[in-house]
Number of protein chains: 2
Amino acid sequence: MNYRLKIQYDGTRYKGWQRQKGTEMTIQGKLERVLSVYAGRELEIQGAGRTDAGVHALEQVANVHFPGECAPEPGILKDYLNEYLPEDIRVISADRAGDRFHSRLNARGKRYGYHIIKYGRDCVFQRKYAWKAENVLDINKMKKAAGHLLGTHDFQSFCSRASKKKSTVRTIHTIDIQETEDEENLIYEGNGFLHNMVRILTGTLVDAGSGKLLPEEIPEILEKRERRFAGETAPAKGLFLEKVYYG
Amino acid sequence: MNYRLKIQYDGTRYKGWQRQKGTEMTIQGKLERVLSVYAGRELEIQGAGRTDAGVHALEQVANVHFPGECAPEPGILKDYLNEYLPEDIRVISADRAGDRFHSRLNARGKRYGYHIIKYGRDCVFQRKYAWKAENVLDINKMKKAAGHLLGTHDFQSFCSRASKKKSTVRTIHTIDIQETEDEENLIYEGNGFLHNMVRILTGTLVDAGSGKLLPEEIPEILEKRERRFAGETAPAKGLFLEKVYYG
């Protein structure tokens, strides 16, 4: 029996989603440990997005196959997980899914949010969940720069560990830049994102906002297909996986 | 020279606003320590609201008198404080104030917010800033009960340490109960609040919402003038001092 879980986590304490040797502090590792105790055998859980160390999730989606003789009621599974998981990882829903459902391979798109605290502002309650801007940012310049990133491009310049074998072509549907009293928030929707891509896009848009870079230079950066031409990798703590879309 | 500071803090780590012997972990203590280093002599800061251990502030107001020969530019004072304060206490503004301004004695009213996570819901990012409901709450019953609390009453039943010498009469102008997908939020505005009053009001309104108490019983509870007739004291972590009003 296959289950689809929606999971929320505060990534601050963790070395990212993906299970790693030598550390217990991964989201996947924490989930698999509780799942395996429940099932009485080793279970593997697949996440839709392999969030990096320090990155948060409002709604990660994952799936896990239980052996047939041990197919719990979804509500019971959810309650069990929440009882034994640390309080910074929560299962917000659990449902039965078709046998062929794979959280990552079936995902059609994702939404990420990136939070920036405006230059000179402070927000105690966002200190672990946002990047403090080091300069005043011109939202209009950021929007212009973002316009050049929309659509289908080879985003190799915006990927920190591009493999030569795998395509670095992705489609960004929207980059929405919203201003509140204390924050500038960037919302990205696309069919998929490369390693560190949202954080490098953010670093580059911040450079456009602070005047270090002209919005018109974005097409050149895309063409170069080299990481060093794009902006810095924005800190992990400001990034949230907000939503995973399916067919 | 007298300064008015607006201060935001995450109360999680602290034993409340008020300076105490035997602990460095108070908001007032942390502020006075940095202020005194700056001024080269002991300074005292007065806060508008003496928030309890674990209670947060979005915008506490405080004032501090500097000796005449040491009257910093407000912006410089703010930056200095933010450089040396822990990151869970931030000065969000600093201004010169009239010599007679006293943050507590001149306050005309306050707004407090109390956050409740709905029964059966989870929100990782609110885990330190909200009370998890143990029952489904009927918002309409809570609103009815709140209606009986509005206006001027002797709130002795809603005060944990009533002194016989001081009046326990206060006026509540509004209790607004708002529902979001995951939360029930209570917003209180009044001319002043007694010790633990907002938390006891919240515990009592939650009892009304869960059916432990009828909204019509509120007038009786007020009349009894005894703490034991009201509901429990809701946990500190859900409470925020949101705003202090002046003339």
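What counts, and where the lines are drawn
Note that residues are indexed from 1 along each chain, following the sequence as it is written. Chain letters and ligand numbers both follow the written order, the letters beginning at A and the numbers at 1. Residue-level local features of this predicted model are given only where pLDDT is at least 70; pairs of side-chain atoms are given and counted only at 80 or more, and the full residue set underlies all totals for whole chains, interfaces and linings. Hydrogen atoms and water are omitted, and side-chain values are computed over all heavy atoms in the structure. Fitting of the copies onto one another was done by least squares over C-alpha atoms, counting residues only where both copies have pLDDT of at least 70. For helices, the fitted axis covers only the stretch in contact; all axes are lines through C-alpha atoms, and the angles between them, taken along N-to-C directions, range from 0 to 180 degrees. Secondary structure elements follow DSSP: runs of H or I no shorter than four residues count as helices, runs of E no shorter than two count as strands, and numbering proceeds from the N terminus. Each angle receives one of four descriptions, namely roughly parallel if under 35 degrees, roughly antiparallel if over 145, roughly perpendicular if within 65 to 115, and oblique otherwise. Helix crossings fall into two classes, left-handed where the near helix is turned counterclockwise from the far one by less than a right angle and right-handed where it is turned clockwise. Throughout, a contact is declared for two residues whenever any of their heavy atoms are within 4.5 Å. Gly is placed with the polar residues, together with every amino acid not listed as nonpolar (Ala, Val, Leu, Ile, Met, Phe, Trp, Tyr, Cys and Pro) or charged (Asp, Glu, Lys and Arg). Each residue is assigned to one of three classes by its accessible area relative to the maximum for its type, calculated with a 1.4 Å probe on protein chains only: buried under 20%, partly exposed between the two thresholds, exposed over 50%. In this description, one arc is meant: the one made by directions from the helix axis to the C-beta atoms. Using a 1.4 Å probe, buried area is obtained as the accessible area two parts lose upon being combined, added over both of them. N or O atoms within 3.5 Å of each other form a polar contact, as long as, within protein, one can give a hydrogen and the other can take it, and as long as residues adjacent in sequence are counted only when both atoms are side-chain atoms. Every case where a carboxyl oxygen of Asp or Glu lies within 4 Å of a side-chain nitrogen of Lys or Arg is listed as a salt bridge. Two strands qualify as a pair provided that DSSP identifies no fewer than 2 bridges between them. Only Phe, Tyr and Trp rings take part, Trp by its six-membered ring, and two of them pair if their centres are within 6.5 Å. Stacked means planes under 30 degrees apart, edge-to-face means over 60, and tilted covers everything else. Charges are assigned to positions over rings by a cutoff of 6 Å between ring centre and Lys NZ or Arg CZ, combined with an angular limit of 35 degrees from the ring normal.

Engineer: How do you make sense of the relation of the copies chain B and chain A when you look at a structure like this?
Structural biologist: Here two copies of a chain appear, and what relates them is a rotation about an axis with a shift along it. Superposition record for chain B on chain A: RMSD 0.0 Å, screw rotation 180 degrees, translation along axis 0.0 Å. Taken together, the rotation and translation describe the operation of a two-fold axis. Taking the C-alpha atom as reference, chain B places Phe125(B) closest to the rotation axis, 4.9 Å from it.

Engineer: Would you explain the packing of helix α1 (residues 27–39) of chain A against helix α2 (residues 74–84) of chain A in this entry?
Structural biologist: Axis angle and axis distance: for two packed helices, these are the angle between their axes and the distance between the axes, and together they describe the pair. Residue and element names in this part refer to chain A. Interhelical geometry of α1 versus α2 gives an angle of 120 degrees and a closest axis separation of 10 Å. Classified by the angle between their axes, α1 and α2 sit oblique to one another. The element α1 and its partner α2 pack so that their crossing is right-handed. Of α2, the residues touching α1 (which contributes Leu-31, Val-34, Leu-35, Val-37 and Tyr-38) are Ile-76, Leu-77, Tyr-80, Leu-81 and Tyr-84. Its residues assigned to classes, the contact of α1 with α2 shows 10 nonpolar, no polar and no charged.

Engineer: Could you clarify how one ought to interpret the packing of helix α3 (residues 139–147) of chain A against helix α4 (residues 197–210) of chain A in this entry?
Structural biologist: Residue and element names in this part refer to chain A. In the contact formed by α3 and α4, the axes pass within 7 Å of each other and the chain directions differ by 135 degrees. Here α3 lies oblique to α4, going by the angle between them. Taken as a pair, α3 and α4 cross one another with a handedness that is right-handed. Of the residues in α4, those in contact with Lys-141, Met-142, Ala-145 and Ala-146 of α3 are Leu-205, Val-206, Ala-208 and Gly-209.

Engineer: It is not clear to me how helix α2 (residues 74–84) of chain B should be interpreted in this structure. Could you clarify?
Structural biologist: Three or four residues apart is the spacing at which side chains of an α-helix point the same way, because the helix has 3.6 residues per turn. All names here are of chain B. Those residues of α2 lying buried are Pro-74, Leu-77, Lys-78, Leu-81 and Asn-82. Seen end-on, α2 carries its buried residues on one side only, within an arc spanning 125 degrees. In α2, the exposed positions angled more than 90 degrees off the buried face are occupied by Glu-83 and Tyr-84. Buried residues in α2 make contact with β1 (2–9), α1 (27–39) and β4 (89–97).

Engineer: Would you explain the interface of chain B and chain A in this entry?
Structural biologist: Frequently, the measure chosen for interface size is the accessible area removed from exposure when the parts meet. Each partner contributes residues to the interface: chain B has 22 residues there, and chain A has 22 residues. Around 1,600 Å² of area is buried between chain B and chain A when both sides are counted, 57% of it from carbon and sulfur atoms. For chain B, the biggest contributors to the area lost against chain A are Val124(B), Phe125(B) and Arg127(B); these three give 39% of the whole. Across the contact surface, chain B and chain A share four residue pairs in polar contact (both at pLDDT 80 or more). Considered class by class, the residues forming the side of chain B that touches chain A number 10 nonpolar, four polar and eight charged.

Engineer: Explain the pattern of salt bridges to me, please; I cannot follow it from the model alone.
Structural biologist: Two side chains carrying opposite charge are able to pair once their charged atoms lie near each other. One pass over the full model with this rule turns up 32 salt bridges over all chains. Put simply, Glu32(A) and Arg19(A) hold a salt bridge, and the shortest N to O gap is 2.6 Å. You can see Glu32(A) sitting in helix α1 and its partner Arg19(A) sitting in the loop between β1 (2–9) and α1, a full 13 residues away along the chain. A relative accessible area of 8% means that Glu32(A) is categorised as buried. Between Glu242(B) and Arg111(B) there is a salt bridge; the shortest N-O distance is 2.9 Å. Pair noted here: Glu242(B) is in strand β10 (residues 239–246) and Arg111(B) is in strand β5 (residues 107–117), with a separation of 131 residues, a long-range link. By relative accessible area, Glu242(B) is classed as buried at 14%. Among the charged side chains, a network of salt bridges with common partners joins Lys6(A), Glu59(A) and Lys243(A).

Engineer: It is not clear to me how the pairing of β1(A) should be interpreted in this structure. Could you clarify?
Structural biologist: If a strand is regular, its side chains alternate between the two faces of the sheet. All names here are of chain A. Most of β1 sits out of view: six of its eight residues are buried. Here β1 pairs with strand β4 (residues 89–97) via eight bridges, running antiparallel. The residue of β4 that forms the bridge with Arg-4 is Asp-95.

Engineer: Please clarify how the packing of aromatic side chains should be interpreted in this entry.
Structural biologist: For any two aromatic rings, the description comes down to two numbers: the centre-to-centre distance and the angle of the planes. Considering all chains together, one arrives at 24 aromatic pairs over all chains under this definition. Ring geometry for Phe125(A) and Tyr129(B): centres 5.3 Å apart, planes at 90 degrees, overall edge-to-face. Placement of the pair is Phe125(A) in the loop between β5 (107–117) and β6 (131–132) and Tyr129(B) in the loop between β5 and β6 (131–132), with the two residues belonging to separate chains. Judged by its relative accessible area of 13%, Phe125(A) falls in the buried class. Seen in terms of ring centroids, Tyr129(A) and Phe240(A) are 6.2 Å apart; in terms of plane orientation they differ by 50 degrees. Their pairing is tilted. With a gap of 111 residues between them, Tyr129(A) in the loop between β5 and β6 and Phe240(A) in strand β10 (residues 239–246) connect regions that are remote in the sequence. Each of the two residues, Tyr129(A) as well as Phe240(A), counts as buried. Connected via pairs of aromatic rings, a cluster forms that spans Tyr3(A), Tyr38(A), Phe66(A), Tyr80(A) and Tyr84(A). Above the plane of the ring of Phe229(A) lies Lys224(A), whose end atom (NZ or CZ) is 4.8 Å from the centre.

Engineer: Please explain the environment of Ile116(A) as it appears in this structure.
Structural biologist: Residue and element names in this part refer to chain A. For Ile-116, the location among the structural elements is in strand β5. On the basis of relative accessible area, Ile-116 is assigned to the buried category, the value being 0%. When the C-alpha positions of Ile-116 and Glu-223 are compared, they lie 27 Å apart, and in sequence the two are 107 residues distant. Not counting chain neighbours up to four residues away, the residues in contact with Ile-116 comprise Ala-130, Trp-131, Ala-133, Leu-137, Asp-182, Glu-183, Glu-184, Asn-185, Leu-186, Thr-202 and Val-206.

Engineer: Just checking my understanding: could you explain the side chain of Arg127(B) for this structure?
Structural biologist: You can see Arg127(B) is positioned in the loop between β5 and β6. Given a relative accessible area of 16%, Arg127(B) falls into the buried group. A distance of 2.9 Å separates the side chain of Arg127(B) from the backbone oxygen of Val124(B), its partner in a polar contact. Excluding its chain neighbours within four sequence positions, the residues that come into contact with Arg127(B) are Asp10(A), Glu87(A), Asp88(A), Tyr129(A) and Lys237(B).

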